[in-house]
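Descriptive analysis of the structure
The primary structure of each chain is shown beneath.
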Amino acid sequence: MKYINGGVTAAKGFTASGIHCGIRKNQSKKDLAMIKSEVKAATAAVYTQNKVYGAPITVTRNNISDGFAQAVIVNSGNANTCNSDGIEKAELMCKIAAAALNVDKKDVIVASTGVIGMSLDVTPIANSAEKLASQMSADGGNDAAKAIMTTDTVSKECAVEIQLSGKTVTLGACCKGSGMIHPNMATMLCFMTTDCSISSELLQKALSDTVKDTFNMISVDGDTSTNDMVCIMANGCAANDTITCENEDYFLFKEALKDVSVKLSRLIAGDGEGAQRLLECKVSGAPDEITAKKIAKSIICSSLVKTAMFGADANWGRILCAIGYTEGDFAVDTIDVYLSSCKGEVKVCEKGYGIDFSEEKAKEILLESEIALTVEMNQGDFVATAWGCDLTYDYVKINGDYRT
């Protein structure tokens, strides 16, 4: 597998664009994006499990129920959630995109992100669709990535190449996510594209399995949002042998999908609202996979752990505390805890008890921008990793005036 430059247009047969259409007041920020495959593509998606979910999710579910799509339209600045006219507006966005891109409206994925509960004015979208469509290109992936940002400070893209049945297959993606990140699926928007030839059924299986170990293992603030989806389109333009069973090519494709998803998960966690540090928590030696995942997420979600990391304070007792209130059948008297970064590693807990360590060295380690929290349970062979960020003063500032 080889990482390459690019995002949603890295794969053959995909174009994209992004512009400011007028949904957002700040004219310097793009707020409308389109992505298109030159042919209908096998399509899969996973959605938020929040009981309050946006109209775009309902419409997208219906549109791709046959396992295929050809285009994406997505706006930022307004989530189109909790509005009586939401379905109507989401369907109208599909109609607008279909006319501009010359595709069937039932082959359009629609998504929105931004403020909840405010009626979406579709007029600027309708007025800008032709302009947006005219700018579609294989170089437009970054513009699309920027157009879906809300409180994100950086655009998030990734692309890889793999070899399947003698053909070069490319998988690219862009995503947004900075706040309201606590996935019960994936609290974010993510659009993936690939020129791999694969059945819709296996594409869905690969995506669903991957999300469990990647996007479902990140948390910024404990809030699962309402509009979140991960979609992937596979148009077959690489001309590899079509993947119709779980063979070697399927597992190679799935590995690439996971690598891209891990990269994007880390980008989201590291760009958490107000964050200064990316946190990676790895739990190993767990008695079972579920326990490993629960403990990793419990630590990453702990406000006290997050604030300790903000203060570069090696307050390891907060990590043990988060482990202790995690549901599951496990012991605590075999657990070791390590803190590490590019500055080194320090062991702070052994068999559930504190040990002597250099506070000065720990401080030096925790002042770095990427911190690893490692928990060795010594109770089995199962491993899980979760990603998050520190909790800073700026998180409150950003969310205190988010709407106004």
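Look up a bit, the structure's there.
Residues numbered from 1 in each chain as written. Predicted model: local features only at pLDDT ≥ 70, side-chain atom pairs only at ≥ 80, totals over all residues. Heavy atoms only, no water.

**Thoughts on the overall build of the protein**
For the protein, the count of helices and strands is 11 helices and 15 strands. For the protein, whose C-alpha radius of gyration is 22 Å, the value lies close to the compact-globule estimate of 22 Å for 404 residues. For the protein, the spread of C-alpha atoms along the principal axes amounts to about 65 × 55 × 35 Å. Evaluated residue by residue, the protein yields a buried proportion of 55% over its 404 residues. A fraction of 81% describes how many contacts in the protein between residues 6 or more apart in sequence connect residues 24 or more apart. (Helix = DSSP H or I, 4+ residues; strand = E, 2+ residues; numbered from the N terminus. Rg over C-alpha atoms; globule rule 2.2 N^0.38 Å. Buried < 20%, exposed > 50% of the residue type's maximum accessible area, 1.4 Å probe, protein only. Contact = heavy atoms within 4.5 Å.)

**Remarks on the state of the cysteines**
Taken as a whole and assessed by the stated rule, the structure comprises zero disulfides. Cys196 forms no disulfide, and the closest cysteine sulfur to it belongs to Cys237, at a distance of 11 Å. By relative accessible area, Cys196 is classed as buried at 0%. Here Cys231 stays free of any disulfide, with the sulfur of Cys190 as its closest cysteine sulfur at 8.5 Å. (Disulfide = S-S within 2.5 Å.)

**Thoughts on the sheet that holds strand β10 (residues 278-286)**
Spatially, β13-β12-β11-β14-β10-β15 is the arrangement adopted by the six strands of the open sheet, whose pairing is mixed. The open sheet has two free edges, formed respectively by β13 (353-354) and β15 (382-389), since each of these has just one partner strand. Sheet analysis places strand β11 (residues 336-341) next to strand β14 (residues 370-376), joined by five bridges and oriented antiparallel. Residue pairing across strands places Asp336 opposite Glu376, the latter belonging to β14. (Pairing = 2+ DSSP bridges.)

**A closer look at the pattern of salt bridges**
It is possible for side chains of opposite charge to pair when their charged atoms get near one another. If you walk through the whole model with that rule in mind, you get 18 salt bridges. A salt bridge links Lys205 to Glu246; the nearest nitrogen and oxygen atoms lie 3.9 Å apart. Separated by 41 residues along the polypeptide, Lys205 in helix α5 (residues 200-213) and Glu246 in the loop between β9 (229-234) and α6 (248-270) bring together distant segments of the chain. With a relative accessible area of 33%, Lys205 lands in the partly exposed category. For Glu246, a relative accessible area of 41% translates into the label partly exposed. A salt bridge links Arg277 to Asp390; the nearest nitrogen and oxygen atoms lie 3.6 Å apart. On the criterion of sequence distance, the pair formed by Arg277 in the loop between α6 and β10 and Asp390 in the loop between β15 and α11 (393-400) is long-range, its members being 113 residues apart. Residue Arg277 shares its accessibility class with Asp390, and that shared class is buried. Linked by salt bridges that have partners in common, Lys205, Asp209, Glu246 and Lys254 make up one network. (Salt bridge = Lys/Arg side-chain N within 4 Å of Asp/Glu carboxyl O.)

**Overview of the environment of Asn102**
Tracing the backbone shows Asn102 in the loop between α2 (86-101) and β5 (108-115). In this structure the C-alpha to C-alpha distance between Asn102 and Ala133, which are 31 residues apart in sequence, comes to 9.7 Å.

**Observations concerning the environment of Tyr47**
Along the polypeptide, Tyr47 turns up in strand β3 (residues 32-47). With relative accessibility at 11%, the residue Tyr47 sits in the buried group. As for Tyr47 and Thr113, which are separated by 66 residues in sequence, their C-alpha atoms are 14 Å apart.

**Quick notes on the pairing of strand β4 (residues 68-78)**
Buried residues dominate β4, accounting for nine of its 11 residues. Note that β3 and β4 share seven bridges and pair antiparallel. Bridge pairing links Leu32 to Asn75 in β4. In this structure, β4 lies alongside β5, joined through eight bridges in parallel fashion. In the sheet register, Asn75 faces β5, and the bridge partner there is Ser112. With α2 bridging β4 and the parallel β5, this β-α-β connection has right-handed handedness. (Right-handed = clockwise from strand over helix to strand, strands pointing away.)

**Observations concerning the pairing of strand β6 (residues 156-164)**
In this sheet, β6 lies alongside strand β1 (residues 2-3) in antiparallel orientation, the contact comprising two bridges. Counterpart to Tyr3 in the pairing with β6 is Val160. Relative to strand β7 (residues 167-176), β6 runs antiparallel, the two being bridged by nine bridges. Its bridge partner lying in β7, Ala159 is registered against Gly172. Connecting β6 to the next strand, β7, in antiparallel fashion are two residues, including Ser165 with a positive phi near 45°.

Just geometry here; none of it tells us what the structure is for.
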